[in-house]
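Next come the chains, spelled out residue by residue.
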Amino acid sequence: MSRGFNFSAGPAVLPEPVLRRAQAELLEWGGERASVMEVSHRGKAFIAVAEKAEADLRKLMGITDDYAVLFLQGGATTHFALLPMNLAAAGQRADYLVTGAWSKKAASEAKPHAAVQVIADTAGSNYTTLPAAGSYAIDPSAAYVHLVANETIHGVEFPDAIDTGGVPLVADFSSSILSRPIDVSKYGVIYAGAQKNIGPSGLVVMVIRKDLLERAGQSRAKILSYKEHAAQGSMLNTPPTFSWYLAGLVFEWMLEQGGLAAFEANNRRKAEALYSAIDGSGGFYRNPVALDARSLMNVPFMLKDAALDAAFLKESEAAGLLALKGHRDLGGMRASIYNALPHEAVAALVDFMGDFAKRHG
């Protein structure tokens, strides 16, 4: 068996040291004489894991005490509906910026629970740009403003929080969380599916300002209430314990590697190498995204002739470069270059791309 370089958009590459540690601890974990998947989530041993994971995430992101950190079940898509249920009164307006497939879906899923107003939509550019500041108006009475910080499919990323004039900013960070430092205080809610930079699928991490937990929201079962989850330490029901445990190992590994500043530097190095290879290919490869909107994590690119796509994918997989096929809505290729993907993987991809262009150009 040989591990390849995994460019999958998600579930995505995990740090090899984390996988090896989990492998070593799988049958007998922490002196419990059982797997971490087999012990009670309410026992002292797992409570210690949960508390350390939260403490390490707070340290990584600079999360202050006026925010709660929740470890929840489901994907981020679940929270497209739960967010308006928790944050908006029945019929209250919520403002959405649509910059790609996921923000479009977020707006659609919220419509049964809020008066959704799409205040910006970059469909006219085929989701290759960001809305210019000042080109949209936020309703000061809106329950919140929602955006997707990084569009995994279209490869478009907001470089910073937008100015919402005091309306809480809610952001889906699923494919860019922990890739670089951010100012948490600019956001009311940050949420992310785990399967990109955090750990396995099945877990959502949410950072939510505590005052927002006090909103009445709409009639809902306790299991759908963020306030109830926060009050129970994310253990209102049995949480995805193995995913939580692995997330904790990833946070610990990231701190050992130097934290978010170190990861940002490495991520920018990887992205610059890949974008330079695309832009310097003389048109053989093309990335359609505007320069000021390019993602640090997800790089879609097209070949000059789509008839070459099959050969590119077959040869790249044989070379150990995995999961480069683009999303079905866009075609072409997509390289997801998350935190755990080493620079050597990008260097190998760049070399392959250069060789492939020479042979097929």
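A. Region of the structure containing the sheet that holds strand 9 (residues 189-193). Spatial strand order, 2-10-9-8-5-3-4: 7 strands in an open sheet with mixed pairing. Every other strand in the sheet has two partners, leaving strand 2 (67-73) and strand 4 (115-121) as the edge strands with one partner each. Put simply, the sheet's adjacent strands are angled 20 degrees from each other on average, direction ignored. Note that strand 5 (residues 145-148) and strand 8 (residues 169-172) share 4 bridges and pair parallel. Looking across to strand 8, one finds that L147 is bridged to A171.

B. The arrangement of the packing of aromatic side chains in detail. In total, this model carries 15 aromatic pairs according to the counting rule given. Centre to centre, the rings of Y96 and Y144 are 5.9 Å apart; their planes meet at 70 degrees, and the pair counts as edge-to-face. Residue Y96 is located in strand 3 (residues 93-98), and its partner Y144 is located in the loop between strand 4 and strand 5; the two are separated by 48 residues in the primary sequence. Judged by its relative accessible area of 0%, Y144 falls in the buried class. Judged by centre distance (6.1 Å) and plane angle (65 degrees), the ring pair of F284 and F356 falls under edge-to-face. Of the two residues, F284 is situated in the loop between helix 7 (259-279) and strand 11 (285-286) and F356 in helix 9 (residues 343-360); the sequence distance between them amounts to 72 residues.

C. Just unusual backbone geometry, in detail. Residues G10 and P11 are joined by a peptide bond in cis, for which omega reads -5 degrees. Tracing the backbone shows P11 in the loop between strand 1 (5-6) and helix 1 (16-25). One non-glycine residue with positive phi stands out, namely R33, at about 60 degrees. Among the structural elements, R33 can be located in the loop between helix 1 and helix 2 (44-61).

D. Representation of the packing of helix 1 against helix 6 (residues 241-256). Running from N to C, helix 1 and helix 6 point in directions that differ by 135 degrees, and their axes come no closer than 10 Å. On the basis of the axis angle, helix 1 is oblique to helix 6. Handedness of the crossing formed by helix 1 with helix 6: right-handed. Across from P17, V18, R21, A22 and E25 in helix 1, the residues of helix 6 making contact are Y245, L246, L249, V250, E252 and W253. Residue composition of the contact of helix 1 with helix 6, by class: 8 nonpolar, no polar and 3 charged.

E. Seen up close, the pattern of salt bridges. Applying the stated criterion to the full structure yields 16 salt bridges. Across the pair R359 and E315 runs a salt bridge, and its minimum N-O distance is 2.6 Å. In this pair, R359 is assigned in helix 9 and E315 in helix 8 (residues 309-318), connecting sequence segments 44 residues apart. Using a relative accessible area of 44% as the deciding quantity, one classes R359 as partly exposed. On the basis of relative accessible area, E315 is assigned to the partly exposed category, the value being 26%.

F. Representation of the packing of helix 6 against helix 7. Running from amino to carboxyl end, helix 6 crosses helix 7 at an angle of 80 degrees, the nearest separation of the two axes being 7 Å. Considered as vectors, helix 6 and helix 7 are oriented roughly perpendicular to each other. Two secondary-structure elements touch here, helix 6 through W253, M254 and L255 and helix 7 through G259, L260 and F263. Grouping the amino acids of the contact of helix 6 with helix 7 by side-chain chemistry returns 5 nonpolar, 1 polar and no charged.

G. Layout of the environment of F242. Mapped onto the elements, F242 comes out in helix 6. Placed 144 residues apart in sequence, F242 and V98 show a C-alpha to C-alpha distance of 34 Å. Ignoring any residue separated from it by four or fewer positions in sequence, one finds F242 in contact with L26, V36 and M37.

H. Molecular detail of helix 6. With 16 residues, helix 6 should reach 22 Å at 1.5 Å per residue; the first-to-last C-alpha distance of 23 Å fits that figure. When you tally the buried positions in helix 6, you get 12 out of 16 residues, the bulk of the element. Those residues of helix 6 that sit buried are T241, S243, W244, Y245, L246, A247, G248, L249, V250, F251, W253 and M254. Each element contacted by the buried residues of helix 6 is listed here: helix 1, helix 2, strand 2, strand 10 (203-209) and helix 7. One or two steps after helix 6, the chain reaches G258, where phi turns positive at roughly 115 degrees.

Analysis parameters
- Residues numbered from 1 in each chain as written.
- Predicted model: local features only at pLDDT ≥ 70, side-chain atom pairs only at ≥ 80, totals over all residues.
- Heavy atoms only, no water.
- Pairing = 2+ DSSP bridges.
- Helix = DSSP H or I, 4+ residues; strand = E, 2+ residues; numbered from the N terminus.
- Axes fitted to C-alpha atoms, helices over the stretch in contact; angles between N-to-C directions.
- Phe/Tyr/Trp six-rings, centres within 6.5 Å; stacked < 30°, edge-to-face > 60°.
- Buried < 20%, exposed > 50% of the residue type's maximum accessible area, 1.4 Å probe, protein only.
- Parallel < 35°, antiparallel > 145°, perpendicular 65-115°, else oblique.
- Left-handed = near helix turned anticlockwise from the far one by under 90°.
- Contact = heavy atoms within 4.5 Å.
- Nonpolar A, V, L, I, M, F, W, Y, C, P; charged D, E, K, R; others polar.
- Salt bridge = Lys/Arg side-chain N within 4 Å of Asp/Glu carboxyl O.
- Expected span 1.5 Å × (residues − 1).

Worth remembering: the numbers are spatial, not functional.
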